Amino acid sequence: MSGILGKGKPGAECNLVLLGVTGCGKSALTVKFLTKRFIGEYDPCLEDIYTSEEIVDQQLVTVRVMDTCDQGLPVNCERYLSWANAFLVVYSINNVESFHGCQLYLQILSSHNKTFRPQTPIILLGNKLDMDRYRLVSCDAEALATRFGCLFFELSACRDFESVQHVFYEAVRRSNRGTERGGSVRPMFVEAFVEDKALNLPSFFTPCYKELPAPATAKLVTVKTSRAQSKRRATTFTLLKGFKIF
Ligand SMILES: Nc1nc2c(ncn2[C@@H]2O[C@H](COP(=O)(O)OP(=O)(O)OP(=O)(O)O)[C@@H](O)[C@H]2O)c(=O)[nH]1
């Protein structure tokens, strides 16, 4: 198992796993990536895998996203450890416990990576950037990302879609690079991109509360239920119907 985004090869696939304590926004980020919408209500017991055909760097990729539900501490990690091509470890910037939860996940992933080659890329994600005025986690996160050699982004599931898509696409790219990921990756902030004019980045990184039009590229293709330990099964349709979409 490795990043399998083969150049020019049809049928590239990438399995992404979202980890983090309850309420950090894994489902909101997943649904935002898949539908461009922010979800306000959710079923905290849902764990599913969603599949979407994406064009990443001119390459068609089947991206599978596992939105996990550990209901507290990480358990039965085997269900995603060898399945994943990249991990997105999520916390809320306004919740210290969620940040502590990330540290636990990073330790598990790190020890898995020590025995697993090529190493599976990890991205640390500070979610709920729109709650910046209630921020409780800041530079600790940057230090944690550096310590575990992962990329670091801050973003918001209820802000612009492009920032969320950028992070998911970066996970796909990293999964392809595999061992190229060094031990001391420079931490990155989505918001830092906005301020760094020298980088000459496209304007879509500007934070934005406005919802974008209906999904075009992020169409849902298939849905598989594969919960090793969660309580309820549901198709994407039911999941999306069950959510209140703003
Ligand atoms: N303000 C704000 N709220 C968010 C954001 N992302 C998620 N939320 C809210 O946070 C709550 C939890 O979000 P979920 O996406 O269900 O969190 P989760 O990590 O999937 O939680 P579990 O399914 O229990 O593991 C919901 O009320 C969301 O509406 C965000 O970026 N900003």
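This report concerns the structure included in the present document. In this text, all values refer to a predicted model and were calculated from it rather than measured experimentally.

In terms of helices and strands, the chain carries 7 helices and 7 strands. Across the chain, helices and strands are ordered from the amino to the carboxyl terminus as β-α-β-β-α-β-α-β-α-β-α-α-β-α. Out of the 246 residues in the chain, the part that is buried amounts to 43%.

A word on the environment of Glu13. Here Glu13 lies in strand 1 (residues 12-19). Counting along the chain gives 47 residues from Glu13 to Leu60, while the straight-line C-alpha distance between them is 8.6 Å.

The subject of this paragraph is the environment of Asn85. Within the element layout of this structure, Asn85 appears in the loop between helix 2 (78-81) and strand 4 (86-92). Note on Asn85: 25 C-beta atoms within 10 Å, which makes it buried. In the structure, Asn85 is positioned 72 residues away from Glu13 in sequence and 9.1 Å away in space, judged by C-alpha atoms.

Right, let's get into the nonpolar core. Counting 58 residues, the largest nonpolar core has Leu16, Val89, Ile123 and Leu124 as its most contacted members. Leu124 has contacts with Val89, Cys102, Ala141, Leu144, Ala145, Cys150 and Phe152, leaving out every residue within four places of it along the chain.

Below, the discussion takes up the pairing of strand 6 (residues 151-154). Residues Leu151 and Phe153 of strand 6 are buried on one face, and the alternating residues Phe152 and Glu154, pointing to the opposite face, are buried as well. Examined bridge by bridge, strand 5 (residues 122-127) and strand 6 share 4 bridges and lie parallel to one another. For Gly126, the partnering residue across the bridge sits in strand 6 and is Glu154. In this region the chain leaves strand 5, passes through helix 4 (residues 139-148) and returns to the parallel neighbour strand 6; the handedness of that crossover is right-handed.

On to the pairing of strand 5, then. The element strand 5 is extensively covered by neighbouring structure, given that 6 of its 6 residues are classed as buried. Here strand 5 shows no split at all, with Ile122, Leu124 and Gly126 on one side and Ile123, Leu125 and Asn127 on the other all buried. Both strand 4 and strand 5 contribute to a ladder of 6 bridges, which runs parallel. Among the inter-strand pairings, Leu88 is bridged to a residue of strand 5, identified as Ile123.

Once that is clear, we can look at the packing of helix 1 (residues 26-35) against helix 5 (residues 161-177). Here helix 1 crosses helix 5 at 100 degrees, and the two axes come no closer than 9 Å. Classified by the angle between their axes, helix 1 and helix 5 sit roughly perpendicular to one another. On helix 5, the residues that touch Leu29, Lys32 and Phe33 of helix 1 are Phe161, Val164, Gln165 and Phe168. Of the residues belonging to the contact of helix 1 with helix 5, the class tally is 5 nonpolar, 1 polar and 1 charged.

Moving on to the packing of helix 3 (residues 96-115) against helix 4. Their axes nearest at 11 Å, the elements helix 3 and helix 4 cross at an angle of 5 degrees. It follows that helix 3 is roughly parallel to helix 4 by the angle criterion. Along the contact surface, helix 3 presents Phe99, Gln103, Leu106 and Ser110, while helix 4 presents Asp140, Ala141, Leu144 and Phe148. Looking at the contact of helix 3 with helix 4, its residues break down into 5 nonpolar, 2 polar and 1 charged.

With that settled, consider helix 1. Burial runs high along helix 1: 10 of the 10 residues are buried. Taken as a whole, helix 1 has its buried residues at Lys26, Ser27, Ala28, Leu29, Thr30, Val31, Lys32, Phe33, Leu34 and Thr35. Just downstream of helix 1, Lys36 is the residue with a positive phi angle, here 70 degrees.

The next point concerns unusual backbone geometry. In the Ramachandran plot, Lys36 falls in the positive-phi region, its phi being about 70 degrees despite a non-glycine side chain. Along the polypeptide, Lys36 turns up in the loop between helix 1 and strand 2 (48-56). One non-glycine residue, Gln58, lies in the positive phi region at around 65 degrees. As for its placement among the helices and strands, Gln58 is situated in the loop between strand 2 and strand 3 (59-67).

Thresholds applied
Residues numbered from 1 in each chain as written. Predicted model: local features only at pLDDT ≥ 70, side-chain atom pairs only at ≥ 80, totals over all residues. Helix = DSSP H or I, 4+ residues; strand = E, 2+ residues; numbered from the N terminus. Buried ≥ 20, exposed ≤ 12 C-beta atoms within 10 Å, placed from the backbone. Core = buried A, V, L, I, M, F, W, Y, C linked by C-beta atoms within 7 Å. Contact = placed C-beta atoms within 7 Å. Pairing = 2+ DSSP bridges. Right-handed = clockwise from strand over helix to strand, strands pointing away. Axes fitted to C-alpha atoms, helices over the stretch in contact; angles between N-to-C directions. Parallel < 35°, antiparallel > 145°, perpendicular 65-115°, else oblique. Nonpolar A, V, L, I, M, F, W, Y, C, P; charged D, E, K, R; others polar.

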